[in-house]
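Observations on the model geometry
So you can see what is in the structure, the chains are spelled out below.
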Amino acid sequence: MEMQKPPNNITKLPLARRVLAAILRSFFNLLYHQMAWTYDWVAAIVSVGSWKTWVEEIANYVEGPRALEIGHGPGYLQYLLIKKGITTFGVDESAEMSRIARKRLFSHGLNLNLTRGDALNLPFAEQSFNQVVLTFPSEFILNPEALQEIHRVLVDAGITVILPLGWVTGHKPAERLAAWINHLTNEAPEWNEKALDPWKGGGFDISWEMVDFNASKILVIKMVKL
């Protein structure tokens, strides 16, 4: 799982928010690489303990029998899918995250199918997977080449499940603080269906839904290969 990074196009934001977004971009790059060992801790803090619940919910959307996770991060979703009996593969460009994910899966005695790779050039054959899943992908997901690669490795009528955004909605002090920070830094922007426009015409039937929890909610996007 890679946490959402501030968008590249931040020029319309006020100066203070542009500065914060730039700082966060550098921070999240470090978090996903040199500081990857702190990832679980930071993710728990910024989501007020919700991120594992969010990832567990996404695991319910994946049925296999073969699934690919792009951007596997620290391997928590890998663990959940393998425990479900799904033949699960993962690809990530971060060497640090790969080490953490391997350690997590090995510690549970699980087989692992992890590889270093680029989402724009997936190291898998055509029609290799029934499902592809991504949680909090960074800007690569907006690249048409990434969608083409996902389309290529899916079987006909294969499904891509994406968790792009999560919101803290609780009213406790810590929850309200987290929601305010996420809004200030554009980590949790208001959802507009027009955000899906760049993906239309890419060979997928696209739908979305909101999933509500006690103190948070997530956006789930499903793309079925045509």
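It should be noted that the structure appears before, not after, this text.
About the thresholds
Sequence positions are assigned chain by chain, starting from 1 and proceeding in written order. Given that this is a predicted model, residues contribute local features only at a pLDDT of at least 70 and side-chain atom pairs are listed and counted only at 80 or more, while totals for whole chains, interfaces and linings are drawn from all residues. Neither water nor hydrogens contribute to the side-chain values; these are computed over all heavy atoms in the structure. For our purposes a nonpolar core is just a set of buried Ala, Val, Leu, Ile, Met, Phe, Trp, Tyr and Cys residues, chained together by side-chain atoms within 4.5 Å. Burial classes: relative accessible area under 20% of the type maximum marks a residue as buried, over 50% as exposed, and values in between as partly exposed (1.4 Å probe, protein chains only). Secondary structure follows DSSP: runs of H or I at least 4 residues long count as helices, runs of E at least 2 residues long count as strands, and numbering of each begins at the N terminus. In what follows, residue pairs with any heavy atoms lying within 4.5 Å of each other are defined as contacts. Put simply, two rings from Phe, Tyr or Trp (the six-membered ring, in Trp's case) pair if the centres are within 6.5 Å, and we call them stacked under 30 degrees between planes, edge-to-face over 60, tilted for the rest. By construction, the arc corresponds to the directions joining the helix axis to the C-beta atoms. Orienting the strands away from the viewer, one traces the path from the first strand over the helix to the second; a clockwise path indicates a right-handed crossover. Each pair of strands is called paired provided DSSP finds at least two bridges between the two strands.

Turning our eyes to something else, we now look at the nonpolar core. In terms of nonpolar packing, the biggest core is built from 27 residues, with Ile58 and Leu77 touching the most fellow members. Within the residue set of this core, elements represented by two or more residues are α3 (51-59), α4 (76-83), α5 (95-107), β5 (154-168) and β7 (216-225). The element best represented in this core is α4, accounting for six residues. If we skip the residues at most four places from it in the chain, Ile58 touches Leu77, Val133, Thr135, Val161, Leu163, Ile218 and Val220.

Right, let's get into the packing of aromatic side chains. What the rule picks out here adds up to six aromatic pairs. When the centroid spacing of 5.9 Å and the interplanar angle of 45° are considered together, the rings of Trp54 and Phe136 count as tilted. Of the two residues, Trp54 sits in helix α3 while Phe136 sits in the loop between β4 (129-135) and α6 (144-153), which places them 82 residues apart along the sequence. This pair shows no difference in class: Trp54 is buried, exactly as Phe136 is.

Moving on, we get to α6. Listed in full, the buried residues belonging to α6 are Ala146, Leu147, Glu149, Ile150 and Val153. Down the axis of α6, the buried side of the element spans an arc of 160°, and every buried residue falls inside it. Away from the buried face of α6 by more than 90 degrees, exposed residues Pro144 and Gln148 are located. Each element contacted by the buried residues of α6 is listed here: β1 (66-70), β4, β5, β6 (204-212) and β7.

Judged by how many residues are buried, strand β2 (residues 87-92) sits mostly within the fold: five of six residues are covered. Taken together, β1, α4 and β2 form a β-α-β motif whose crossover is right-handed. Crossover connection from β2 via α5 to parallel strand β3 (residues 114-116): handedness right-handed.

With that out of the way, let us pick up the pairing of β7. With seven of ten residues buried, β7 is to be regarded as a mostly interior element. Direction of pairing for β5 relative to β7: antiparallel, over a ladder of eight bridges. The residue bridging Ile159 from the neighbouring strand is Val224, located in β7. Where β6 lies against β7, nine bridges are found, and the strand directions are antiparallel. Note that in β7 the partner of Asp212 across the bridge is Lys217. Joining the antiparallel neighbours β6 and β7 is a turn of three residues.

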